[in-house]
Number of protein chains: 2
Amino acid sequence: MLVRVLGSGAGGGVPQWNCACRICRAVRAGTRAIIPRSQASAAISSDGVSWFLLHASPDVRLQIESFHSLHPRATRDSPIAGILLSNGDLDACLGLLSLRESQPLSVYATSAVTRGFRDGNPLVRTLERFPDQVQWIELGLGAEVTLRGGDGRPTGLDVTAVAVPGKVPLHLVGRQPPSDEDNVALRVRDRASGRVLVWAPSVAGPTPALEAVLREADCVLFDGTFWSSDELAESGAGERRAEEMGHWPLGGAGGSLALLSQLTGTRRVLVHVNNTNPILLEDSPERAAAAACGVEVAHDGLELEP
Amino acid sequence: MLVRVLGSGAGGGVPQWNCACRICRAVRAGTRAIIPRSQASAAISSDGVSWFLLHASPDVRLQIESFHSLHPRATRDSPIAGILLSNGDLDACLGLLSLRESQPLSVYATSAVTRGFRDGNPLVRTLERFPDQVQWIELGLGAEVTLRGGDGRPTGLDVTAVAVPGKVPLHLVGRQPPSDEDNVALRVRDRASGRVLVWAPSVAGPTPALEAVLREADCVLFDGTFWSSDELAESGAGERRAEEMGHWPLGGAGGSLALLSQLTGTRRVLVHVNNTNPILLEDSPERAAAAACGVEVAHDGLELEP
């Protein structure tokens, strides 16, 4: 299986347009060892011909341009056979609307995520220029689904949505009741090699089901949003705690790094890293702590072969 | 008045994600004299302190990062005092949703454009995290409106919306009746200097009102979408003619270049240039024809001082 990280930052990216915290300032000024990051997404393929996007981030246009394997091979064409969504947050799905231009698309998501994005949304009509322009393919919890190419044939990858703790997207609070389908980890299995990738950019806390799916993975792209619960307040960038925003902080006794450190047979890479997270600073003690646990921080363009 | 072109391409940018026409191929391969372009937008200011965006393109995040004057000066802050929309196409307004993160915004648009974007759109709630997060300020046709800063004080710029031929956005066809408010040119006047900028990235054809507003401008950022009516079909990139898509082609006896060539006292710069337009090739006869008329092709980052 081929995996290319297209974006490794959380919603808003690094730097974030309206943020001048010490980290965003350092990225803009080039005064520390830190690089910019676009919003979390990855491209995956079994054969290097048909590709699937994990999320369609608001940065999708430049993310596609950044990776030659995603470039069209005919006048109007795309090697992108489908897009997989793990939740309905705007940083995961807004880029679908940048994939207009009359291109057929297949979108794989739970029915809660699909409804949250589509229902009543007039902008979605830009993706409905002809019948069946978008195939919305349901990911039922725990059911393995075959990822197919434009010709309907299996591409060699299968995906299973696994419910993980999370939250309903901010813009749907009070509009759509919370559901186990709001936020999932995506377990992607390569048929030929049997290798397993887990995409879990939003995880609010541990569960036995999450731990089980992580333990059998060859590679995990995991929620690296926050280092600590009160990071936003400490940065002067907000008031909400990490857990209220659907993210399990990395650090501390109960942090996700303690779990990830145990998965010694798995390549563990953090994505969806927020602009306030000190782990972004390559010379920080937090980055060193992750490295000591065998946990990497993704950068845009990182290539993996689980 | 200070003007910075943030993006000079049409919807989809140059190259476009699903296009491998000769121009998109040349941009990706670097085989011709042509540079990439993000989607049409500009930043304007009277004092260099408070800035206004003309359009919030899907590329707005990187467009803001590309220009230091738009960077925040406090932890959560923005020098962007407002966003002006000249129509409701997604390439003009999708970026509003990338300007979430609890930042107060002022959006100036006609009521038809505001309704088209807001009505029934669940995603807009991401901009409604607290009361009055977004001020939607109506641009009535022909009425000069003062552009104000966050403190309510005039910033030295006034704007007038002038109806020009255009079309209702594709995703609103059949949902919202066509109106003179669907597409406007924005006439921006600097109070101190009296200088006038006209932003007209979508113009389907000439009218006396358009000609009048162009003739009194010091600088015009004008619709450079297509060179010829049948350019999409010739490129194998679609079937619709330029006029059907709301754009007046540049070339030919009845083209917009013939009008622009007469405005010898005005700086004339083309924006919203489609990826199929041969004028993008710096060594093309079409580019030479524009230059011979005194008409420039904008590039991302171009700075003007009307």
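Please refer to the structure higher up on the page.
Only a predicted model underlies this, so the values are computations on that prediction, with no experimental measurement involved.

Observations concerning the overall build of chain A
Part 1: A count of helices and strands for chain A gives 8 helices and 14 strands.
Part 2: At 18 Å, chain A has a C-alpha radius of gyration in line with the 19 Å of a compact globule built from 306 residues.
Part 3: Overall, the C-alpha framework of chain A stretches about 50 × 40 × 40 Å when taken along its three principal axes.
Part 4: Here chain A holds 306 residues, and 63% of them are scored as buried.
Part 5: Expressed as a percentage of contacts within chain A between residues at least 6 apart in sequence, the contacts between residues at least 24 apart total 66%.
Part 6: Considering chain A, the positive charge centre built from 28 side chains and the negative charge centre built from 35 side chains are found 4 Å apart.

Some remarks on the relation of the copies chain B and chain A
Part 1: Between chain B and chain A, which share one sequence, the superposing operator has a rotation angle of 180 degrees and an axial displacement of 0.0 Å; the RMSD is 0.0 Å. The superposition operator between the copies reduces to a two-fold rotation axis. Proximity to the rotation axis, assessed at the C-alpha, singles out Asn-121 of chain B in chain B; its C-alpha lies 2.4 Å from the axis.

Some remarks on the interface of chain B and chain A
Part 1: Between chain B and chain A, the residue contacts involve 59 residues of the former and 59 residues of the latter.
Part 2: A buried area of about 4900 Å², summed over both sides, lies between chain B and chain A, and 55% of it is on carbon and sulfur atoms.
Part 3: Of all residues in chain B, Trp-17, Arg-61 and Arg-76 of chain B give up the largest surface area on contact with chain A, accounting jointly for 19% of the area buried on that side.
Part 4: There are 4 salt bridges connecting chain B and chain A.
Part 5: Of the charged contacts in the structure, one is a salt bridge between Asp-59 of chain B and Arg-61 of chain A, with a shortest N-O distance of 3.2 Å.
Part 6: Where the side of chain B that touches chain A is concerned, the elements lending two or more residues are α2 (60-65), α3 (90-93) and α4 (111-118) of chain B.
Part 7: If one sorts the elements of the side of chain B that touches chain A by residue count, α2 of chain B sits on top with 4 residues.
Part 8: Across the side of chain B that touches chain A, the residue classes tally to 24 nonpolar, 21 polar and 14 charged.

Points about the sheet that holds strand β7 (residues 144-148) of chain A
One key point about sheets: their strands pair by backbone hydrogen bonds, in either a parallel or an antiparallel sense.
Residue and element names in this part refer to chain A.
Part 1: With respect to topology, 7 strands assemble into an open sheet ordered β7-β8-β9-β10-β11-β12-β13, the strand pairing being mixed. Since the sheet does not close on itself, it has two edges, and those belong to β7 and β13 (295-297), each with one partner. Ignoring which end each strand starts from, the neighbouring axes of this sheet average 25 degrees apart.
Part 2: Note that strand β9 (residues 184-190) and strand β10 (residues 196-200) share 4 bridges and pair antiparallel. Considered in β10, the bridge of Val-188 is made with Leu-197.
Part 3: Against the sheet, helix α5 (residues 208-215) contacts β8 (154-163), β9, β10 and β11 (219-223), and its axis sits at roughly 140 degrees relative to β11.

A few points about helix α4 (residues 111-118) of chain A
All names here are of chain A.
Part 1: Within the sequence span of α4, burial applies to Ala-112, Val-113, Thr-114, Gly-116 and Phe-117.
Part 2: Packed against the buried residues of α4 are α3 (90-93), β5 (105-109) and β6 (134-138).
Part 3: Downstream of α4 by one or two residues, Gly-120 has phi in the positive range, about 75 degrees.

Quick look at the nonpolar core
Part 1: Core analysis: the largest hydrophobic core is formed by 57 residues, its most contacted members being Leu-70, Leu-96 and Leu-97 of chain A together with Leu-70, Leu-96 and Leu-97 of chain B.
Part 2: Ignoring any residue separated from it by four or fewer positions in sequence, one finds Leu-96 of chain A in contact with Ala-56, Ile-83, Leu-85, Val-107, Phe-117, Leu-127 and Trp-136 of chain A.

What to know about the pairing of strand β1 (residues 2-7) of chain B
Residue and element names in this part refer to chain B.
Part 1: The element β1 is extensively covered by neighbouring structure, given that 5 of its 6 residues are classed as buried.
Part 2: Pairing of β1 with strand β2 (residues 41-45), which is carried by 5 bridges, proceeds in the antiparallel orientation. Bridging from a neighbouring strand, Val-5 pairs with Ala-42 of β2.
Part 3: As paired strands, β1 and strand β14 (residues 303-304) are joined by 2 bridges and run antiparallel to one another. In the strand pairing of β14, Arg-4 is matched with Glu-303.

The rules we used
- Residues numbered from 1 in each chain as written.
- Chains lettered and ligands numbered in written order.
- Predicted model: local features only at pLDDT ≥ 70, side-chain atom pairs only at ≥ 80, totals over all residues.
- Heavy atoms only, no water.
- Helix = DSSP H or I, 4+ residues; strand = E, 2+ residues; numbered from the N terminus.
- Rg over C-alpha atoms; globule rule 2.2 N^0.38 Å.
- Buried < 20%, exposed > 50% of the residue type's maximum accessible area, 1.4 Å probe, protein only.
- Contact = heavy atoms within 4.5 Å.
- Lys, Arg positive; Asp, Glu negative; His and termini not counted.
- Charge placed at Lys NZ, Arg CZ, Asp CG, Glu CD.
- Least-squares fit on C-alpha atoms with pLDDT ≥ 70 in both.
- Buried area = accessible area lost by both parts, 1.4 Å probe.
- Salt bridge = Lys/Arg side-chain N within 4 Å of Asp/Glu carboxyl O.
- Nonpolar A, V, L, I, M, F, W, Y, C, P; charged D, E, K, R; others polar.
- Pairing = 2+ DSSP bridges.
- Axes fitted to C-alpha atoms, helices over the stretch in contact; angles between N-to-C directions.
- Core = buried A, V, L, I, M, F, W, Y, C linked by side-chain atoms within 4.5 Å.

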